[in-house]
Each structure stands twice: as structure tokens, then as C-alpha cells.
Amino acid sequence: MDYLDQLEAEAIYILREVAGQFDRPALLFSGGKDSICLVHLALKAFRPGKFPFPLVHVDTGHNFQEVLDYRDQLASEIGEQLIVRKVEDTITIRNLQDGKGKFPSRNGLQTYTLLDVISEFEFDACIGGARRDEEKARAKERIFSVRDEFGQWDPKKQRPEIWDIYNGKVDKGENVRVFPISNWTELDVWNYIKRENIVLPSIYFTHKRDCIVTENGQLMNINEFVQLEESDTIVNRNVRYRTVGDMTCTAAVESEAYTVDDIISEIKDTKISERGATRMDDRVSEAAMEDRKKGGYF
């Protein structure tokens, strides 16, 4: 077995552990490359049977259309249940304050929608595509990461995982967030995408896009949610996205990577993590991601 075979086997084993240990699991599916790989792994783990869980997407309302189109097409092609819950509905129901400012991100508000959908369907496990190399708070996670009855995460109260033994026991109201590709890197994901010939949304590959150059030099796409100002520098550049999320907090990177091989070469040369390079919400503070996770964010 090469290293991709080993990573794949571990992920499939974890997915089957979820199916065996939990009553009402779900796979959180964003339409991004990591969750697309999870769906591919689930097909290998459970076909010719049906998935033992639905796909669940928390839609901020600020998602890239290319990603939404891909999400719907994939769910239709594989014939699996797709549950979509919208942050905009949560804002109305809970009377929340929508995002403000030049880049009015709803990323922080996703937590409310996620906790609501977990409560609605009584999910006891939520599978996600987080990886330990994405951001330093991710590295504190276990494969089975326990959340209390309020959806909160305490890194000091996580269970040991010895000899690949995962403890999925939870009390009523608690749930576990499961990360089957926790031991993968961004480069591993792209090498796996190449090997398995996995189709991705076009946004991951180089295309021309009008962008605002921020004070930090990031390239933020122009869309109906961003508040343009007269002082903004607008450029038309060849860009791609290393990660996809809320349009108002996800930056593009300049790139000439038109193929998967091009992207692999590009990643080998970069020294900045994908979230560090492209997610504005992770730059709010050193502990921005950890603070959101403690409050229930995935």
C-alpha cells in the first residue's frame, strides 16, 4: 500500500465506525474539495448500499454559485438525500444581527444554523472534512471530537484515541464531530483527487475574476454583498480558490493552475496554509477559529 492507500483505508474505516456506533449520523457537505473527497470515500465505504447518513449543507446565502450548482448535481447523481438549511432563515427565526461592514460575512452565524439542524434531526454525529494542517485550532481535535449538550467544544475534555479505537458514546443531547481525513494534508487531498479522477467545481481552477485588493493584499471577489468604496482598487486577475466558503470572507489567489497537476505543483511551492492565505475571518485574532469552535462551529 502506498500512503494514499493508507489514508483512504483509515478514512473508510472511520466512516464505517460512524455507521456502526451512531444512530443518527450526518455528513456535512459544503461542495468544497474536502467534503467532495468525503463523499467519494463514502461511496467506496458503502456502495452498492445507500449511505447510512444524509448530506447536510448549511447555506450562508453568500455561497459561490458554482459550488451550489455542483452540490445539487452531485447529490442528484449519487441519489443520496441532501438536507439544506439556510442561515438567512435562522437570522429571521432567531432575530439575529446580519453581518455588517464592507465584507458582511455570515460565517459566525453558521453556528446557529448548524446547532439548529443538529437539534431538528437529532444527529448524534456530524462528519466533516476538517484537516489538521488547515489551522492550528484544528490540530487540537480528535478524530471523534465530543461536543456537549450546548454544542460546545472543550479541547481539554477530549478522549484519548489509542490503537485506532474510537469512543462514540454520548449522553442525550451531546454529539460527536467526526473528521475522517484529519490526518490528510492539502497536498494529500489534491494527490487523491488526481489519482481518483474526482471532478471539482470550476472555481478551484484558474479563471479571470474582478477583485478588490485589500489592505493586506488579498484578492476579494466583487459580488452583490460586498460594499464597494470609491477608494477601492479593482483589478481583473487570473485567480483560483484554494478553499470555498462565504464569498464575503474568502479570498482568491493569483494562479496559472489550470489542471490538477498545476495545482499540485503550486501547493508544493507555497508556504502559507489555505485558510491563512484566503480566509479573512481567521485573521480577526490568533484564536479566531478556536473561539468559534468552542461556541459550536464545526
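Notes on the structure follow.

Thresholds applied
- Residues numbered from 1 in each chain as written.
- Predicted model: local features only at pLDDT ≥ 70, side-chain atom pairs only at ≥ 80, totals over all residues.
- Heavy atoms only, no water.
- Pairing = 2+ DSSP bridges.
- Helix = DSSP H or I, 4+ residues; strand = E, 2+ residues; numbered from the N terminus.
- Axes fitted to C-alpha atoms, helices over the stretch in contact; angles between N-to-C directions.
- Contact = heavy atoms within 4.5 Å.
- Phe/Tyr/Trp six-rings, centres within 6.5 Å; stacked < 30°, edge-to-face > 60°.
- Buried < 20%, exposed > 50% of the residue type's maximum accessible area, 1.4 Å probe, protein only.
- Polar contact = N/O pair within 3.5 Å; in protein donor to acceptor, adjacent residues only side chain to side chain.
- Parallel < 35°, antiparallel > 145°, perpendicular 65-115°, else oblique.
- Left-handed = near helix turned anticlockwise from the far one by under 90°.
- Expected span 1.5 Å × (residues − 1).

**Quick notes on the sheet that holds strand β6 (residues 175–178)**
Piece 1. Pairing in this open sheet of six strands is mixed, and the strands run β3-β2-β1-β4-β6-β5 from one edge to the other. The open sheet terminates on both sides in strands that have one partner only, identified here as β3 (82–86) and β5 (144–147). Put simply, the sheet's adjacent strands are angled 30° from each other on average, direction ignored.
Piece 2. Strand direction decides the pairing type here: strand β1 (residues 25–28) and strand β2 (residues 55–59), joined by two bridges, are parallel. Looking across to β2, one finds that Leu28 is bridged to Val56.
Piece 3. Packed on one face of the sheet, helix α4 (residues 87–94) meets β2 and β3 and runs near 50° to β3.

**Quick word on the packing of aromatic side chains**
Piece 1. Inspection of the entire model under this criterion finds 10 aromatic pairs.
Piece 2. Centre to centre, the rings of Phe46 and Phe53 are 5.7 Å apart; their planes meet at 85°, and the pair counts as edge-to-face.
Piece 3. A centroid spacing of 5.6 Å and a plane angle of 50° characterise the contact between Phe51 and Phe53, whose relative ring orientation is tilted.
Piece 4. On the basis of relative accessibility, which here comes to 4%, the residue Phe53 falls in the buried class.

**A short note on the environment of Asp133**
Piece 1. For Asp133, the location among the structural elements is in the loop between β4 (125–127) and β5.
Piece 2. Between the C-alpha atom of Asp133 and that of Thr185, which follows or precedes it by 52 residues, the distance is 5.9 Å.
Piece 3. Separated by 2.9 Å, the side chains of Asp133 and Arg131 make a polar contact.
Piece 4. From its side chain, Asp133 meets the backbone nitrogen of Glu186 in a polar contact 3.0 Å long.

**Describing the packing of helix α6 (residues 186–196) against helix α7 (residues 260–269)**
Piece 1. Two numbers describe how α6 lies on α7: the axes approach to 10 Å, and their chain directions differ by 165°. Put simply, α6 runs roughly antiparallel to α7. Like other packed secondary-structure pairs, α6 and α7 cross with a definite hand, here left-handed. Facing Glu186, Leu187, Trp190, Asn191, Ile193 and Lys194 of α6, the residues of α7 in contact are Val260, Asp261, Ile263, Ile264, Ile267 and Lys268.

**Regarding helix α5 (residues 110–121)**
Each α-helix winds once per 3.6 residues, and so residues spaced three or four apart point in a common direction.
Piece 1. End to end, α5 covers 17 Å across 12 residues, agreeing with the expected 16 Å (1.5 Å per residue, within 8%).
Piece 2. Residues of α5 that are buried sit in contact with β1, β2, β3, α4, β4 and β6.
Piece 3. Looking one or two residues past α5, Glu122 carries a phi angle of roughly 55°, positive in sign.

**What about unusual backbone geometry?**
Piece 1. With an omega of 15°, the peptide bond between Arg47 and Pro48 qualifies as cis.
Piece 2. Along the chain, Pro48 falls in the loop between α2 (33–46) and β2.
Piece 3. Positive phi, normally seen in glycine, also occurs at Glu122, with a value near 55°.
Piece 4. You can see Glu122 is positioned in the loop between α5 and β4.
Piece 5. Classification of Glu122 as exposed rests on a relative accessible area of 54%.
Piece 6. With phi around 55°, Trp163 is a residue other than glycine that occupies positive phi space.
Piece 7. When you line up the elements, Trp163 lands in the loop between β5 and β6.
Piece 8. Since its relative accessible area comes to 75%, Trp163 is described here as exposed.

So, to be careful, I would describe these as geometric facts and stop short of saying anything about function.
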